[in-house]
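Close look at the chain arrangement
Here are the chains, one letter per residue:
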Amino acid sequence: MAADKADPRHSVKDDQYKPGPQSPLQKKVADFIESPRVEKTIIFLVALYCGLIFIDVVGTGPESKFTLSDGAQEVMAIVDLGILTLFFFEIVAKIFAFGYLLYLTQPLYFADAVIVVVSIAMSIVELLVQDSVLQRLSRIRAVLRSLRIVIMFRKISNVTDYVAESKLTGLGYNLGAPAETVISILKPLCDYPRLPARQREDIKWAISIIDSGKLNEPIHLVDDDAPVDDAVNHWIINASQGAHQQHAASQKAQGEESEASPSRERRGSNHIGAAAAVVLGNTLNQAKGAAATVKSVVDTVGSRGKAKVVHMDEEHTLEAGTADAAKEARICLSELGLDIDTALVYDALQTSSKWDFDTARLHALAKGNGLRVGVPYVMTRWSLLSELKLDSAALSNWIDKVQSGYHAKNPFHNAMHATDVFFGVSWMTTVGGARQIAHLEDAHFCGVLLAAAVHDFEHPAVNNAFLVNTRHKFAIKYNDKAVLEMHHVASAFALLHEFPDCDFFRTAVDGCYWTIREVMISAILATDISQHFAELGKLKSRLSSGNFLKAGEASLQSDRLLLLDVIVHSADISNPAKNFHTYLFWTSRVITEFFAQGDREKELGLPVSMFMDRETTNIAKCQIGFIDILVLPLFEVLTEVLPRLSIGTVNCKRNKMIWGRLSDQMETEMVEKTQRMPDIKAGDPLLTCEDLPTPREPSESGKSSRRGSEDGGEKKPRPRRMSWHGIHVRPHGGSSIDDISNLSEPDSRQSMRRCTSATSAAVTVVERPRVSNLTGLQSSP
């Protein structure tokens, strides 16, 4: 049944099915029929034929006040026959180009052909027979006139799309947006009779989504019977809405909390709606019944299928610079003038090719100077300074001021976090393979590294919503849009102008500054959590195109920027993708910062932001939602581009399972106001995840290392050298943020000196007190 294999892409112009041409000659005929010249000719003939019908009706009707002469009527009949003959040849050409099924299976096409043939026959009769015979056919002619009008409607609908596509400027440029083109492709399918009614409704829904500009936002499928987890809703709001919408959602949540029963059962209401299931980051090809239809359109238009990213050969060895570059990297550490044990720091940096690189240990060994030693080490090791001709002394001065601009008192958003993100990005671009896969130039590589280093520069330990709600000067300056992210990148670049000895671009190669600046601005703005779903949706859409990161494509540059944006964002939220002990270390810090903001919001009479109320936040459920809604879906998609990142997806699944085992216990502790971070040692049964594979560190040559994980691999891990416990939250009224007026640019001369000092042998282990909770203890020094 050939008719069942209709190709929707050929139904755009005629609102009907047209199978594609088979032979080269058929293709040429099809292209000619649908060429602009033919379309314009049809428009002219349609207008002329409508005029003839009007004259025929007015001048030859039985009650007409006007009478056409015999000669005029004969000329009209000849012109009528000529136009109908052209229409007849059009039908023949379409049958030749697209197949006879076009007219046999579609009622409108079949009626069109019949009307044209009958009209030609009647015109011939009108020319050949006598008037007395013609009068007997007057009733047939009256019906024929009506049928001819049907032809006109069909012809007019034929050229409507052409007219819409011809909205050009005087210079001949097409100014239509891609969304318009997609909608023009889908619209004819809304009335396509061979599609089930349900699919036609889904296509209309798809068009409305495209038209609304919300293509990359998460889809909420309504099901009132299913329970809804608040943590899921909160993460969706955080990752898809701006500060104003988050404020409104917090107010709504607070109102629902006040109406809740004292039993403290978890609410089943939804702050976004009665959504029971959440489709995260899925584009239209994964949503409802429209998925099949839209996917069929995309697949048939481009025959693209799943993306095939050119991955780096698993046996390919990443050359971490030359031997001379490695030597220079060691020398550059000794030239920094820091009071550190250079040998110990260099040995620690040598392990930065591991996904679970211990940045806390490095930060302690460097006495709080993780960025100051990490940035020049990586930049020198990969010969970026020499290749781009960057001023190394000026770069060192700039990094010094950047590191000083991170508030040392912040539990989480401090220089150690920046160091962690920096090395995460370094791993993804080198060991992860992004540098080869994305065909990155040195300027792109340098830009994404520097973006990671400054991505939270001068962070005040509160989020965008807090700054907007308190009308902070940052929010006023940046118009409530990506307030912190705007400030991070703008302030970091301002250092280059305020301090001439920090301008490391003054000796750089031509164009280097602009490429690095473009990458840094794009990547840092992409760390705005409210843009999470938009960025994820863009990446999934590009992967489905089949030409993502393909060399020679016009989209290569935008694809590079998109990948670098996602890499920095992924590194920024990558804590759940590390081993559980590293994850726990960072979780205690971020929760401390969250609850401190919540305390300040209560003091100021503001709605408490999501996950920042120590009295109602179950930390385990919060982290499960964080993994389920944000981190794991992002890492799974990014792993399609960077296969070695699969270690992160495995860790996410394991860590989610561990938090699930702790959820009930932490719920009880939350109700009793004794909630604390879990005290889990290596080898604890809670860490056993037999149903999941053991994470393996990919080596620089592409093969996994043989060392097992912390919970039962082939080899027991070394004891952690930094405690992942010991950071507790100040009680209500004791926020680590002294006053809202202090949320401004820090003193660039202030350096972080509060980390644990390192000896030549090891770093002191800071053990967590046995009795601790997240409501009664203050932050550890």
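Residues numbered from 1 in each chain as written. Predicted model: local features only at pLDDT ≥ 70, side-chain atom pairs only at ≥ 80, totals over all residues. Heavy atoms only, no water.

**Quick look at the overall build of the chain**
Let me state the cut-off plainly: Counting from the N terminus, the helices are DSSP H or I runs at least four residues long and the strands are E runs at least two residues long. For the exposure calls, accessible area comes from a 1.4 Å probe over protein chains only, and a residue counts as buried if that area is under 20% of its type's maximum, exposed if over 50%, partly exposed in between. Residue contacts are defined here by distance: any two heavy atoms, one from each residue, within 4.5 Å place the two residues in contact.
In terms of regular secondary structure, the chain is built from 30 helices and 2 strands. Considering the chain as a whole, with its 781 residues, one finds that 52% of them fall into the buried category. Taking all contacts inside the chain whose residues are at least 6 apart in sequence as the whole, residues at least 24 apart take part in 78%.

**Some words on the nonpolar core**
Cut-off, in case you're wondering: Joining through side-chain atoms within 4.5 Å is the link that ties buried Ala, Val, Leu, Ile, Met, Phe, Trp, Tyr and Cys residues into a set, and such a set is a nonpolar core.
Ranked by size, the top nonpolar core spans 134 residues in total, and within it M379, L390, W398, M428, L450 and W659 carry the most contacts. No other element matches the 15 residues that helix α29 (residues 619-641) contributes to this core. With residues up to four places along the chain from it excluded, the contact list for W659 reads F580, Y583, L584, T587, I619, A620, Q623, I624, I627, M666, M677 and P678.

**Let's talk about helix α25 (residues 512-525)**
The condition is simple: A helix is expected to span 1.5 Å multiplied by its residue count minus one. The directions from the helix axis to the C-beta atoms form the arc being described.
If you check α25, its first and last C-alpha atoms are 20 Å apart, about what 14 residues at 1.5 Å a residue would give, namely 20 Å. Every buried residue of α25 is accounted for by C512, T515, I516, V519, M520, A523 and I524. Taken end-on, α25 shows its buried residues confined to a sector of 140°, consistent with a single buried face. Here the buried face of α25 lies against α17 (384-388), α18 (392-405), α21 (442-454), α24 (483-498) and α27 (556-572).

**Some points on the side chain of H363**
We count it as follows: Here a polar contact is taken to be a pair of N or O atoms separated by no more than 3.5 Å, where protein atoms must pair a possible hydrogen donor with a possible acceptor and residues adjacent in sequence count only if both atoms sit in side chains.
Tracing the sequence through the fold places H363 in helix α15 (residues 359-365). Among the polar contacts listed, one links the side chain of H363 to the backbone nitrogen of G370, at a separation of 3.3 Å.

**So, the packing of aromatic side chains**
Heads up, the condition is: Whether two aromatic rings pair depends on their centres lying within 6.5 Å, for rings of Phe, Tyr and Trp, where Trp uses its six-membered ring; planes under 30 degrees apart make the pair stacked, over 60 edge-to-face, and the rest tilted. Two conditions define a charge located above a ring, namely a distance within 6 Å from the ring centre to NZ of Lys or CZ of Arg, and an angle within 35 degrees of the ring normal.
Taken as a whole and judged by the stated rule, the model has 18 aromatic pairs. Centre to centre, the rings of F412 and W586 are 5.8 Å apart; their planes meet at 85°, and the pair counts as edge-to-face. Residue F412 is found in the loop between α18 and α19 (415-429), and its partner W586 is found in helix α28 (residues 580-603); the two are separated by 174 residues along the sequence. Judged by relative accessible area, which is 5%, F412 ranks as buried. For W586, a relative accessible area of 2% corresponds to the buried category. Pairwise contacts between aromatic rings join W398, F493, F504, F505, Y513 and W514 into one cluster. One cation-aromatic arrangement involves R517 over F493; the distance from NZ or CZ to the ring centre is 4.7 Å.

**Here's the deal with α29**
The α-helix advances 3.6 residues per turn, and as a result positions three or four apart in sequence lie on the same side. The criterion, for reference: Consider a residue and the seven residues that end there alongside the seven that start there; fitting an axis to each set, the bend is the angle between those axes.
For α29, built from 23 residues, the straight-helix expectation of 33 Å at 1.5 Å per residue is met to within 8% by its first-to-last C-alpha distance of 32 Å. Approximately 40° is the largest bend angle found in α29, and it occurs at I627. Regarding α29, its N-cap is N618, as a side-chain oxygen of that residue lies 3.0 Å from the backbone nitrogen of A620 further along.

**A word on the environment of V92**
Its place among the elements puts V92 in helix α3 (residues 70-98). Taking the C-alpha atoms as reference points, V92 and A113, 21 residues apart in sequence, are found 9.5 Å from one another.

**Digging into the packing of α28 against α29**
Let me state the cut-off plainly: Axis definition: a line fitted to C-alpha atoms, over the contacting stretch in the case of helices. Angles run 0 to 180 degrees between N-to-C directions. In what follows, roughly perpendicular refers to angles from 65 to 115 degrees, roughly parallel to angles under 35, roughly antiparallel to angles over 145, and oblique to any angle outside these ranges. In this classification, the charged set is Asp, Glu, Lys and Arg, the nonpolar set is Ala, Val, Leu, Ile, Met, Phe, Trp, Tyr, Cys and Pro, and all remaining amino acids, among them Gly, are polar.
Relative orientation of the contacting elements α28 and α29 amounts to 110°, with a least axis distance of 12 Å. Relative to α29, α28 is oriented roughly perpendicular. Facing α28, whose interface residues are Y583, T587, I591 and F595, α29 presents I619, Q623 and I627. Across the contact of α28 with α29, the residue classes tally to 5 nonpolar, 2 polar and no charged.

**Looking at a nonpolar patch on the surface**
Using the following cut-off: For patches, a residue must show more than 30% relative accessible area and have no salt bridge; joins then use 9 Å for like charges and 5 Å for nonpolar side chains, namely Val, Leu, Ile, Met, Phe, Trp and Tyr. Every accessible area reported is derived by Shrake-Rupley at a probe size of 1.4 Å, with residue values counting cover from the shown protein chains alone. A pair is scored as a salt bridge if a Lys or Arg side-chain nitrogen falls within 4 Å of a carboxyl oxygen belonging to Asp or Glu.
Residues F44, L48, V75 and V79 make up a contiguous nonpolar surface patch of roughly 340 Å² in combined accessible area. For the nonpolar patch, the elements supplying multiple residues, two or more each, are α2 (36-60) and α3. Looking at where V79 falls in the secondary structure, it is placed in helix α3. The class of V79 is partly exposed, set by a relative accessible area of 32%.

**Quick look at the pattern of salt bridges**
A full pass over the atoms with the stated rule returns 17 salt bridges. Notably, a salt bridge pairs R560 with E441, separated by 3.9 Å at the nearest N-O pair. You can see R560 sitting in helix α27 and its partner E441 sitting in the loop between α20 (434-437) and α21, a full 119 residues away along the chain. One continuous salt-bridge network, built from bridges that share partners, spans K602, D613 and E615.

**What about the environment of V462?**
Topologically, V462 is positioned in the loop between α21 and α22 (464-469). A C-alpha to C-alpha distance of 8.7 Å links V462 and A596, two positions 134 residues apart in sequence.

**What about the side chain of H487?**
Note that H487 resides in helix α24. A polar side-chain atom of H487 sits 2.8 Å from a polar atom in the side chain of E458.

**Some points on the confidence of the model for the chain**
Threshold: Within a predicted model, pLDDT stands for the predictor's per-residue confidence, ranging from 0 to 100.
Overall, the predicted model of the chain reaches an average pLDDT of 74, with 63% of residues at or above 70. Taken together, the stretch residues 161-172 has pLDDT below 50 and engages in 14 contacts with residues farther than four places along the chain or on a different chain. Across residues 258-320, confidence stays below pLDDT 50; counting only partners more than four residues off in sequence or on other chains, it has 151 contacts.

**Overview of the packing of α19 against α27**
To keep things clear, this is the line we draw: In this scheme the crossing of two helices becomes right-handed for a clockwise turn of the near helix relative to the far one and left-handed for an anticlockwise turn of less than a right angle.
Closest axis-to-axis distance for the α19/α27 pair is 8 Å, and the angle between their directions is 135°. The orientation of α19 with respect to α27, classified from their angle, is oblique. Considering only the axes of α19 and α27, their crossing is right-handed. Of α27, the residues touching α19 (which contributes H417, V421, G424, V425, M428 and T429) are I567, V568, S570, A571 and D572. For the contact of α19 with α27, the per-class residue count stands at 6 nonpolar, 4 polar and 1 charged.

**With respect to the state of the cysteines**
Our working rule: Throughout, a disulfide means two cysteine sulfur atoms within 2.5 Å of one another.
Under the counting rule described, the total for this entry stands at 0 disulfides. The thiol sulfur of C512 is not disulfide-bonded, and the nearest other cysteine sulfur, from C446, lies at 6.1 Å. Exposure remark for C512: the relative accessible area of 2% places this residue in the buried category.

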